[in-house]
Structure formats: C-alpha cells, structure tokens
Amino acid sequence: MANPLGEHGGLAGRLTVDVDSLDSAFPAGLVPLAAAALAGALVTALLFLFLPSAGPLYALLYAAALFLVPAGLVLLGRSLGRMSVDSSAGLMVPGAAPGQRTCLATAARRRQAWISAAGAAAIQVLAALAVLAVLRQGLEALGAGTVSSPILAGLLLACLGSFAALAAARPAARSSPARS
C-alpha cells in the first residue's frame, strides 16, 4: 500500500529534504562567488598599484559583472518561474492536457537556456571591455615608460583570469541543490 502522505512522508518530510539541501546549497553557491569577488578585488588592487588609470574602470566593469548581471538574470527569470508552475502537473492550468504541459515545460526550458546564454554573453562583453580598457591604458603607460611589458602582460592575464573565475562561479550557483 502506498504512503498516503507521499514519498517523503508529507509536508514534514519535504521540509526536512529542503532544509538538508540548503546545508550544501549555501557553501556550493557562495564559496565560488566569494572566490570570484576576492579575485576581482586582488586584480583591482594590482591595477591601482601598477596601472592606476585602469583601476577604476576595471572595478566598475567587474562590479557590474558580479552584481548587475545576476540581478538582471533574476528579473528575466521571474516569468520563467511562472512558466514552470504552469507546466508542473497543470497546477495553474486546470484541465490542461499532458501535451499542453509538455509544451509549457519545453518553452520554460528554452527560456531558461536563453537567460543563461544572455548572462554568459553579458559577462563576456564586460570582460572584453575590461581587457580593452586595461590594454589601452597599459599601452599608454608602456609608451610613457611607467610600466614594463611583462607587467602589462601579467595585468592583462590577471584581468582575464578574474572574469574566468566569475564565469566559473555561475554554474556552481545555478546547479546548487536548493534549485532542484
């Protein structure tokens, strides 16, 4: 005989599963983001030390990638939550046929993929702008003799690496257990 309270014992069981998943969600989501923020702060400090004219612009672009891109994705994803509810067992669409629920689920998955791609593209654009800004300021400083070419190359690689750390933090936050 099947459990009338559901697979996990009803509401209390589901709550326990949700709380248990949160135990690993915060470290899995926050640690990569904290590491990315630390990488950005270190690169900003290096830029202010060796190439002060590029520091503020890099910091602004990195902060936009760290804070504004996720905020924009949350705003874009709000309707995705409604689509997911619509597609799950017809909760919001009484009497919906299974084919209609499948169509809604497919649309929700497509929109989720589009939002994820838009976030990745935004981070790449911000990274390109930051590297170009550091390169431009670095070439001027190189011409003036205030920075050496190995230092400039290192600063450019550090800039690229910081945005790579930020991009690597996105999948960890997106695939945390609390989201499933």
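Details of the structure are given in the entry above.
To keep things clear, this report deals only with the structure shown in the data block. Predicted model only: the values in this text are computed from it and were never measured.

## Remarks on the overall build of the protein
Counting its secondary structure elements, the protein contains four helices and zero strands. Listed N to C, the secondary structure of the protein is α-α-α-α in terms of helices and strands. The buried share among the 180 residues of the protein stands at 28%. Residue pairs at least 24 apart in sequence account for 71% of intrachain contacts in the protein once pairs closer than 6 positions are excluded. Surface exposure of the protein reaches about 10,800 Å², of which carbon and sulfur atoms provide 72%.

## Examining the packing of aromatic side chains
Tallying each qualifying case throughout the model produces three aromatic pairs. Ring centres of Tyr 58 and Tyr 62 lie 5.6 Å apart, and the angle between their planes is 25 degrees; this geometry places the pair in the stacked category. Placement of both Tyr 58 and Tyr 62 in helix H2 (residues 55-87) is noted, with a separation of four residues, approximately one turn of the helix. For the pair Tyr 58 and Tyr 62, one class covers both residues: buried. Centroid distance Tyr 62 to Phe 163: 5.0 Å. Interplanar angle 75 degrees. Geometry classified as edge-to-face. Here the residue Tyr 62 occupies a position in helix H2, and Phe 163 occupies one in helix H4 (residues 149-174), the gap between them amounting to 101 residues.

## Some details on the nonpolar core
Counting residues in hydrophobic clusters, the biggest one holds 29 residues, and the most contacted among them are Leu 47, Leu 51, Tyr 58 and Phe 163. Broken down by secondary-structure element, the contributors of at least two residues to this core are helix H1 (11-50), H2, helix H3 (98-144) and H4.

## Concerning the environment of Ala 34
In this structure, Ala 34 sits in helix H1. Exposure remark for Ala 34: the relative accessible area of 48% places this residue in the partly exposed category. Taking C-alpha positions, Ala 34 is 9.4 Å from Leu 166, a pair spaced 132 residues apart along the chain.

## Quick look at the environment of Ala 169
Note on placement: Ala 169 falls in helix H4. Separated by 139 residues in sequence, Ala 169 and Leu 30 place their C-alpha atoms 8.7 Å apart. Aside from chain neighbours lying at most four places away, what touches Ala 169 is Pro 32, Leu 33 and Ala 36.

## Things to note about the pattern of salt bridges
All told, the structure shown has one salt bridge when counted by the stated rule. With its nearest N and O atoms 3.7 Å apart, the salt bridge here joins Arg 136 to Glu 140. One end of the pair, Arg 136, and the other, Glu 140, are both in helix H3, four residues apart, so they sit about a helical turn from each other. Residue Arg 136 is classed as exposed on the basis of its relative accessible area of 54%.

## Thoughts on a nonpolar patch on the surface
Taken together, Leu 132, Leu 135, Leu 139 and Leu 142 make up a surface patch of nonpolar side chains, about 330 Å² in accessible area. Position of Leu 135 among the secondary structure elements: in helix H3.

Rules and cut-offs
Residues numbered from 1 in each chain as written. Predicted model: local features only at pLDDT ≥ 70, side-chain atom pairs only at ≥ 80, totals over all residues. Heavy atoms only, no water. Helix = DSSP H or I, 4+ residues; strand = E, 2+ residues; numbered from the N terminus. Buried < 20%, exposed > 50% of the residue type's maximum accessible area, 1.4 Å probe, protein only. Contact = heavy atoms within 4.5 Å. Areas by Shrake-Rupley, 256 points an atom, 1.4 Å probe, with all protein chains shown as cover. Phe/Tyr/Trp six-rings, centres within 6.5 Å; stacked < 30°, edge-to-face > 60°. Core = buried A, V, L, I, M, F, W, Y, C linked by side-chain atoms within 4.5 Å. Salt bridge = Lys/Arg side-chain N within 4 Å of Asp/Glu carboxyl O. Patch = residues over 30% accessible without salt bridge, like charges linked within 9 Å, V, L, I, M, F, W, Y side chains within 5 Å.

Honestly, that's just the spatial picture; any functional story needs more than this.
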